[in-house]
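As a plain string of letters, each chain reads:
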Amino acid sequence: MMTIDARARQALRSLQTYRPGTPIEDVQRMLKRASVIKLASNENALGPSPKALAALRRATGTLHRYPDATCRLLREQLSEKLRVAPERLIVGNGSDELIVLALRAFVDPGDEVVVAHPTFLIYALQANACAATVREVPLKHYRYDLPAMKAAVTPQTKLVFIANPDNPTGTYVTRKELERFLAGLPAHTLVMLDEAYYEFVEAADYPRSLRYVPDFPVIVTRSFSKAYGLAGLRIGYGAAQPSIIAAMNAVREPFNVNSLAQAAALGALKDAAFLSRTRAMVREGRRYLAKELGALGIQFVPSVTNFILLRLGPRAHVVAEALLRRGLIVREMSAWSLPDCIRVTIGTPAENRAFIRTLKTVLR
Ligand SMILES: Cc1ncc(COP(=O)(O)O)c(C=O)c1O
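Residues numbered from 1 in each chain as written. Predicted model: local features only at pLDDT ≥ 70, side-chain atom pairs only at ≥ 80, totals over all residues.

(A) Fine view of helix α3 (residues 50-59). Within the sequence span of α3, burial applies to Ala52, Ala55 and Leu56. For α3, the angular spread of the buried residues around the axis is 105°, confining them to a single face. Buried positions along α3 lie against α10 (259-269). (Buried ≥ 20, exposed ≤ 12 C-beta atoms within 10 Å, placed from the backbone. Helix = DSSP H or I, 4+ residues; strand = E, 2+ residues; numbered from the N terminus. Arc of directions from axis to C-beta. Contact = placed C-beta atoms within 7 Å.)

(B) Fine view of the pairing of strand β7 (residues 218-223). Among the 6 residues in β7, 6 count as buried, and that is most of the element. Covered by surrounding structure in β7 are Val218, Val220 and Arg222 together with Ile219, Thr221 and Ser223, the residues of both alternating faces. Bridge count between strand β6 (residues 190-194) and β7: 4 bridges; the pairing is parallel. The residue bridging Val191 from the neighbouring strand is Val218, located in β7. Here β7 pairs with strand β8 (residues 236-239) via 4 bridges, running antiparallel. (Pairing = 2+ DSSP bridges.)

(C) Spotlight on the sheet that holds strand β10 (residues 307-311). Taken in spatial order, the 4 strands make up an open sheet running β9-β10-β13-β12, and their pairing is antiparallel. Two strands close off the open sheet at either side, each with one partner strand: β9 (299-301) and β12 (331-332). Relative to β10, β9 runs antiparallel, the two sharing 3 bridges. Each residue of the ladder has a partner; that of Val301, found in β10, is Leu309.

(D) Seen up close, the nonpolar core. If you look at the biggest cluster of nonpolar residues, it comprises 99 residues, and the most contacted ones within it are Ala102, Leu159, Met192, Ala264 and Ala265. Inspection of this core shows a minimum of three residues originating in each of domain 1 (10-47 + 273-363) and domain 2 (50-270). Apart from the residues lying within four places of it in its own chain, the contact partners of Ala264 are Ala52, Ala55, Leu56, Leu230 and Leu233. (Core = buried A, V, L, I, M, F, W, Y, C linked by C-beta atoms within 7 Å. Domains from an automatic or database assignment.)

(E) A look at the environment of Thr154. Structurally, the position occupied by Thr154 is in the loop between α7 (146-151) and β5 (157-163). Taking C-alpha positions, Thr154 is 8.9 Å from Thr189, a pair spaced 35 residues apart along the chain.

(F) Fine view of the sheet that holds strand β3 (residues 112-117). Judged by pairing direction, the sheet is mixed, and its 7 strands sit side by side in the order β2-β8-β7-β6-β5-β3-β4 without closing on themselves. Strand pairing shows two members of the sheet lacking a second neighbour, β2 (89-92) and β4 (133-138), which therefore form its edges. With direction set aside, neighbouring strand axes in the sheet form an average angle of 20°. Those strands touched by helix α4 (residues 72-82) are β2 and β8, and its axis lies near 125° from that of β2. (Axes fitted to C-alpha atoms, helices over the stretch in contact; angles between N-to-C directions.)

The following block contains the structure:
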């Protein structure tokens, strides 16, 4: 990792930068083999939605034009699907960008931001880059401790991040827990409900978060990266009260979402068949992995998402390395302060079988 220039803003000097999952091409080159399986970044193992691809191909003829700066068509489609007015919607260059926009719009240097620990790393990283004071609240049994997070809210707290479901644990916050958290929260505190894995959750007590948008200062964000298989295009959306959306638009670059991403997202929304194949693959993969891991006596955190956190103990790092040498990329978790864990994305049935087979070899 390169050192940050000494003339950079004060807040950046001690910043931990984000290390993404190792690209498949790097591992192919390192191992000099073509067959590498990447289960490290919670991507969709089925590939992109075919309808998204078809729409994207049709859109290439207008690449000489700037994209629609307001993502009007996409917001209209989303509006119909979600029953949320278009002026309550914003589209981002990945849902990642919406995290940054919320921070830029609402958090001054020195303001406080409440996050869980560990959770999705981008919240604390970007909050630190904004010179915010980050209050980290430990997870309890691998779940968000919302009462403790609420207790961490002060008159200076501008933003609370809730990943629901959470990455890297794969656990979720229930409707009751969320409603208890939102009730009586001070008016100066916004809550980002990050639902990047929303489409995978089948639990009956998972909150229908869009219901809270009219009455609470929440920003619900979702992604086309996961269930729709468009991670490489970078597109996600958010829903909030119009004044909150206006503040985020004020700090957004005018052409933040490229035209191919907009076209592909419109195609993806029509691809109900792909979505249901993806969900079925993840559901079945979760069941298969749980059964096999159980048989191997490996502890894991029960997941509602497309990845599973395995609790391997002190050998976790060695296991991740050994899997990598055999062409299987999983996520080693020391950056999340979980050095005894690895995170494994649910792949195709063949990939899941290869993972279990290789894990058995490595553990021997
Ligand atoms: C919890 C969580 N939020 C947001 C994102 C970002 O997704 P996007 O690709 O839409 O930027 C991810 C990606 O891994 C994630 O795990």
